[in-house]
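Chains, contacts and geometry: an overview
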Amino acid sequence: MDRLIALIVTRWRMELRTMRRARERAVGLALLLPGLLFSSLLGAVLAYGGVRAVKAHDPDLLLPLLSLVATGVGLSWVLSPLLTGVAFSESHDVSRLLHFPLPLPTLVVASLVGNLLQPMVLAALPILVSLSLALSRNLFALPFALAGSLLSLAFLLAAAQAGALVLHGLSRQRRFQDLAVFVVIGFGFVMSVLPVLLLSGGARVLGTIARGLAAGNLVALSPFAWGLRAAVHAGRGDALGFTGWATAEAAAIVAAGGLSARLIERIHRGELELGRGGAAAASTPAVMALPGQVGALLEKDLRVAWRDPATKATLFLSCATPLFWLLVFTRTSGGLSAGGLLVLSMLVGASAFGNAFGLEGRGLGLLLGFPAPRWRVLLAKNLTGFALRLPGLLTLLVMGSLLAPPVLLPAAATIAVCTFLIAAGGDNYASILFPIVAPRPGRNPYGGPAAGSRGLAAAALGALFFAGTLVLASPFVFLGWLPMLLERPSLWLLSLPLALAGAAAMYAMLVAGAARLLARREPELLERVLSEA
Amino acid sequence: MNVFARPAPEGAGDAIVVRGLTKLFGGRPAVDHVSFRVARGRFFGFLGPNGAGKSTTIKMLTGLLRPTEGEVFIEGHPLERELLAVKRLIGILPEELPLYERLTGEEYLHFAGRMYGLSREETRRRTDELLAFLSLEEERGKLIVDYSQGMRKKTALAAALIHSPRVLFLDEPLNGIDPVSGRVVTDLLRRLAQKGVTMFFTSHVLDVAERLCDEVAIIDRGRLVAQGTLAQIRAQREVAQDASLEDVFLKLVAADVKRQDLSWIG
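Residues numbered from 1 in each chain as written. Chains lettered and ligands numbered in written order. Predicted model: local features only at pLDDT ≥ 70, side-chain atom pairs only at ≥ 80, totals over all residues. Heavy atoms only, no water.

We now examine the overall build of chain A. Each helix and strand in chain A was counted, giving 18 helices and zero strands. Across the 533 residues of chain A, 43% fall into the buried class. Excluding contacts between residues fewer than 6 apart, the proportion of contacts in chain A whose partners are at least 24 apart in sequence is 81%. Summing over all exposed atoms, chain A offers an accessible surface of approximately 26300 Å²; the carbon and sulfur share of this is 73%. (Helix = DSSP H or I, 4+ residues; strand = E, 2+ residues; numbered from the N terminus. Buried < 20%, exposed > 50% of the residue type's maximum accessible area, 1.4 Å probe, protein only. Contact = heavy atoms within 4.5 Å. Areas by Shrake-Rupley, 256 points an atom, 1.4 Å probe, with all protein chains shown as cover.)

Take a look at the structure:
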């Protein structure tokens, strides 16, 4: 018992110290708490009102509906570490304690109890109390209904712990981790556009699916809901029903705890480490096909990007995003105007904030260890940025050709390229002067130098560079737009090459200046990036 | 005490000349007016306890960190003003290995060769030889992220050698390498030294340093406390002529290895 208490107290003490010593976390929590309190109280009111309304209108629907909601909440809670990327980056805290002679159940219970002080868990308590109040027909039933609800919460925490351990164990296999990161980013994108899709008629489909699940009562099999089912029976004064479901939920909690203990043991013994996932020998020759140092640098970046799941996912999303916006354009305004296509081209071109040296992390020491002239390094980085944005640009142009007059396409492409040249040239200065060092693989993606006030400053800087790019690129954009303004398309034959030449000249000047700056500040840049990476 | 009371002039026979090298972190010296020189073709060991300033020094010598004060010449080139020229001449094996993990070992060596300006054919020839020599042939198609620590080290060493450098900086080169590969690597380094390549080598394993190095420098708390051959240092510091490098090292860094027993053990 002493060891259990020591473990729990140490965990809470560490969490408090983390907040005290990291101002941005304390500020984040201060901002989060009122919101959490509000949503908790709102949830409590909605839960009370919702349960009362269902009880009044369709009492038979109460059990399946509550079970469905509990299952949905439970599954999203268990999968939330995966969606935020934390499960794949943070080692589960119990793994640091495994070399002490502690019984595994002690570790599991300590971890579970330690989780009780999490703000999200505390915020769930008012909702459960109001839910129990709404379910109870008299005060005598209230404690039993509350006990049932709390059993559901306890199972949810135990399942979340077991789920996190499974993810942690699986994340040791590089291929699984890569696949999961790739899928999760795509899933995150779908979730982010879901509100728009729901507004455009998708809600009806979801409603039909939910009604089907509730009618079939399949959710009765979900252990996330067994405690709540016990609470419903307690509220109705059905002692047998309460005892049955509560016992089942208690057994599920013990089973989840046992599974956690078994998983910890297997992770400790390396049994969940499914090998290093070594690839078979490559059959294609490894020779760098592109010529010269710039070619080798570009090819290296492209190969690395294609094999990095996060970059690959971003590449696919760069195609999906213009498609999505073009879809929105067509549904809201009935078509894409000529001005709209040119503005979109400019925005796609201007989004070249690459943070190339910050993303290199510790690899920067390697990169700048080679005796390549620095302008070539910058040029290669910019070419990589362009190559990675090219699919998105091409998607935009193809979609634009279907929705806008095809005669606009050369102007749209020229505007995008001109804006990109200016953005990339300017971004080199940001990369050298203000690199935002990416957390190392396997570290918390939301921690480190990219977090807190530095992260905010980076976002502000990005916005500043974006605005600067639009200003600097405006003469070339104007050249692309002028023939349309004058309604003389033949002028494009002159204005587009002129715009490209002007933007290229400005890009060359920007790169030459950035190369000189890099040569001067190379040790400082390395010192900063290597110390933070 | 610095054995170099007078600054060493850079001579035609010196591969590395360091004068008054200093690095302050937050006003505190991590490296404090260090001066030494390494003659061309020497196997030079740079030794010191943890936190003595070895890695900071090696970073300054390879251009990864700007010194607060002092000068460095590599093969006669001033590092500060001719950084790229120096980088063409040196090879670096850092203690931490920031390799491009999503390239295969073979691709990485091809990339390194091209970055040093080698032709495609020459890069391919040297890559094949290096992979065979370092027993990495079977793993050539694997991504580096799937390599073991020893394989990463050998890959980084291969990349440091591919352009035939004149000075090699090796930070703990034998850490994480199995004994068989360790012997292959030490034999290779010895042969390179015989061919005139200068080795600047740090290690915690003093018997390896004793076997390999022609000359050592010992740094403690940012200051150089000795430099020379083992015999010279023994003579300078009045240490017994049969004393090992470890004995000399412990005496120079004033490490008190005599401790009281722990009361509850035994």
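Read on, since the account is not over.
The next thing to look at is a nonpolar patch on the surface. Residue and element names in this part refer to chain A. Judged by side-chain polarity, L61, L65, V69 and V73 come together as a nonpolar surface patch covering roughly 290 Å² of accessible area. By the element assignment, L65 lies in helix 3 (residues 62–84). Taking the relative accessible area as the measure of exposure, L65 reaches 32% and is therefore partly exposed. (Patch = residues over 30% accessible without salt bridge, like charges linked within 9 Å, V, L, I, M, F, W, Y side chains within 5 Å. Salt bridge = Lys/Arg side-chain N within 4 Å of Asp/Glu carboxyl O.)

A few words on the nonpolar core. Ranked by internal contacts, the top residues of the largest apolar core, which has 110 residues, are A:F357, B:Y108, B:F111 and B:M199. The element best represented in this core is helix 18 (residues 492–532) of chain A, accounting for 14 residues. With near-sequence residues (within four places) excluded, B:Y108 lies in contact with A:L366, A:F370, B:L99, B:Y100, B:L103, B:I144, B:T155 and B:A159. A:L63, A:A70, A:L153 and A:A230 belong to the second-largest nonpolar core, a separate cluster that totals 35 residues. (Core = buried A, V, L, I, M, F, W, Y, C linked by side-chain atoms within 4.5 Å.)

What follows covers the packing of helix 16 (residues 409–433) of chain A against helix 18 of chain A. Residue and element names in this part refer to chain A. The interhelical angle for the contact between helix 16 and helix 18, taken along N-to-C directions, is 15 degrees, at an axis separation of 6 Å. The orientation of helix 16 relative to helix 18 falls into the category roughly parallel. The way helix 16 lies across helix 18 gives a crossing that is left-handed. Taken together, the residues of the contact of helix 16 with helix 18 sort by class into 25 nonpolar, six polar and two charged. (Axes fitted to C-alpha atoms, helices over the stretch in contact; angles between N-to-C directions. Parallel < 35°, antiparallel > 145°, perpendicular 65-115°, else oblique. Left-handed = near helix turned anticlockwise from the far one by under 90°. Nonpolar A, V, L, I, M, F, W, Y, C, P; charged D, E, K, R; others polar.)

Before going further, it helps to spend a moment on the pairing of strand 7 (residues 167–171) of chain B. Residue and element names in this part refer to chain B. Across the five residues that make up strand 7, a large majority, five, are buried. Going residue by residue along strand 7, you find V167, F169 and D171 tucked away on one face and L168 and L170 tucked away on the opposite face as well. Strand direction decides the pairing type here: strand 6 (residues 90–93) and strand 7, joined by four bridges, are parallel. Directly across from G91, in strand 7, lies its bridge partner L168. (Pairing = 2+ DSSP bridges.)

Now for unusual backbone geometry. Residue and element names in this part refer to chain B. At H33, a residue that is not glycine, the phi angle is positive and equals roughly 50 degrees. Positionally, H33 belongs in strand 2 (residues 28–39). The exposure class assigned to H33 is partly exposed, which follows from its relative accessible area of 39%. Of note in the backbone geometry, R221 takes a positive phi value of approximately 50 degrees without being a glycine. Structurally, R221 is set in the loop between strand 9 (215–220) and strand 10 (223–228).

Before going further, it helps to examine empty space enclosed by the protein. All names here are of chain A. For the structure on display, the rule yields two cavities of 30 Å³ or more. Residue lining of the largest cavity: V348, G349, F386, R389, L390, L393, A416 and F420, and that is the complete set. Mapped by element, the contributors of at least two residues to the lining of the largest cavity are helix 12 (338–350), helix 15 (374–403) and helix 16. In terms of residue count, the dominant contributor to the lining of the largest cavity is helix 15 (four residues). For the lining of the largest cavity, the per-class residue count stands at six nonpolar, one polar and one charged. As a volume, the second largest cavity reaches approximately 40 Å³. Tallied by class, residues from the lining of the second largest cavity come to four nonpolar, three polar and one charged. (1 Å grid on protein atoms, 1.4 Å probe; cavity = no way out; pocket = protein on both sides within 12 Å on 5 of 7 lines; lining within 4 Å. Points joined across faces, edges and corners; volume = space filled by probe spheres on them.)

A complete count under the given rule lists 26 salt bridges over all chains for this structure. Here B:K87 and A:E522 are joined by a salt bridge, their closest N and O atoms 2.8 Å apart. Highlighted residues: B:K87 in helix 2 (residues 83–89) and A:E522 in helix 18, drawn from two different chains. Of the charged contacts, one joins B:R140 and B:D128 as a salt bridge, the two residues approaching to 2.6 Å between their closest N and O atoms. In this pair, B:R140 is assigned in the loop between helix 4 (120–133) and helix 5 (149–161) and B:D128 in helix 4, connecting sequence segments 12 residues apart. The class of B:D128 is partly exposed, set by a relative accessible area of 31%.

With that settled, consider the pairing of strand 9 of chain B. Residue and element names in this part refer to chain B. Counting buried residues in strand 9 gives six out of six residues, a clear majority hidden from the surface. The alternating pattern of strand 9 places E215, A217 and I219 and V216, I218 and D220 on opposite faces, both of which are buried. Direction of pairing for strand 9 relative to strand 10: antiparallel, over a ladder of five bridges. Bridge assignment links I219 to a residue of strand 10, and that residue is L224.

What follows is about the interface of chain A and chain B. In this assembly, 46 residues from chain A lie in contact with 36 residues from chain B. Interface area, chain A with chain B, both sides summed: about 3700 Å², of which 59% is carbon and sulfur. Run the count over chain A and chain B and you get 11 residue pairs in polar contact (both at pLDDT 80 or more). Breaking the side of chain A that touches chain B down by element, the ones donating at least two residues are helix 7 (174–216), helix 10 (292–307), helix 14 (363–367) and helix 18 of chain A. Per-class residue counts for the side of chain A that touches chain B are 23 nonpolar, seven polar and 16 charged. (Buried area = accessible area lost by both parts, 1.4 Å probe. Polar contact = N/O pair within 3.5 Å; in protein donor to acceptor, adjacent residues only side chain to side chain.)

Moving on to the sheet that holds strand 3 (residues 43–47) of chain B. All names here are of chain B. A sheet is described by the order of its strands in space; here six strands give the open sequence 6-7-8-3-9-10, paired in mixed fashion. Here the strands that pair on one side only, and so sit at the sheet edges, are strand 6 and strand 10. Put simply, the sheet's adjacent strands are angled 15 degrees from each other on average, direction ignored. Across the sheet, helix 1 (residues 54–61) lies against strand 3, strand 7, strand 8 (198–202) and strand 9, angled at about 150 degrees from strand 7, the strand it touches most.

Okay, the environment of B:D220 next. All names here are of chain B. Residue placement: D220 occurs in strand 9. Under the relative-accessibility criterion, D220 is labelled buried at 11%. Between the alpha carbons of D220 and T186 there is a distance of 26 Å; along the sequence they are 34 residues apart. Contact partners of D220, with chain neighbours within four places excluded, come to P49, A52, V225 and V253. Polar side-chain contacts of D220 include one of 3.3 Å to the side chain of R221.

This paragraph deals with the confidence of the model for chain A. All names here are of chain A. Looking at chain A as a whole, its pLDDT mean stands at 79, while 79% of the residues score no less than 70. Every residue in residues 87–92 scores below 50 in pLDDT, and together they form 26 contacts with partners more than four places removed in sequence or on other chains. Low confidence marks residues 274–281, where pLDDT is under 50. Its contacts with residues over four positions away, or in another chain, come to 20 contacts. (pLDDT = per-residue confidence, 0-100.)

Turning our eyes to something else, we now look at a negative patch on the surface. Residue and element names in this part refer to chain B. Together, D207, E210, D242, E246 and D247 give the surface a local cluster of negative charge. Counting only elements with at least two residues in the negative patch, the list comes to helix 7 (206–212) and helix 9 (245–252). Its place among the elements puts D207 in helix 7. (Lys, Arg positive; Asp, Glu negative; His and termini not counted. Charge placed at Lys NZ, Arg CZ, Asp CG, Glu CD.)

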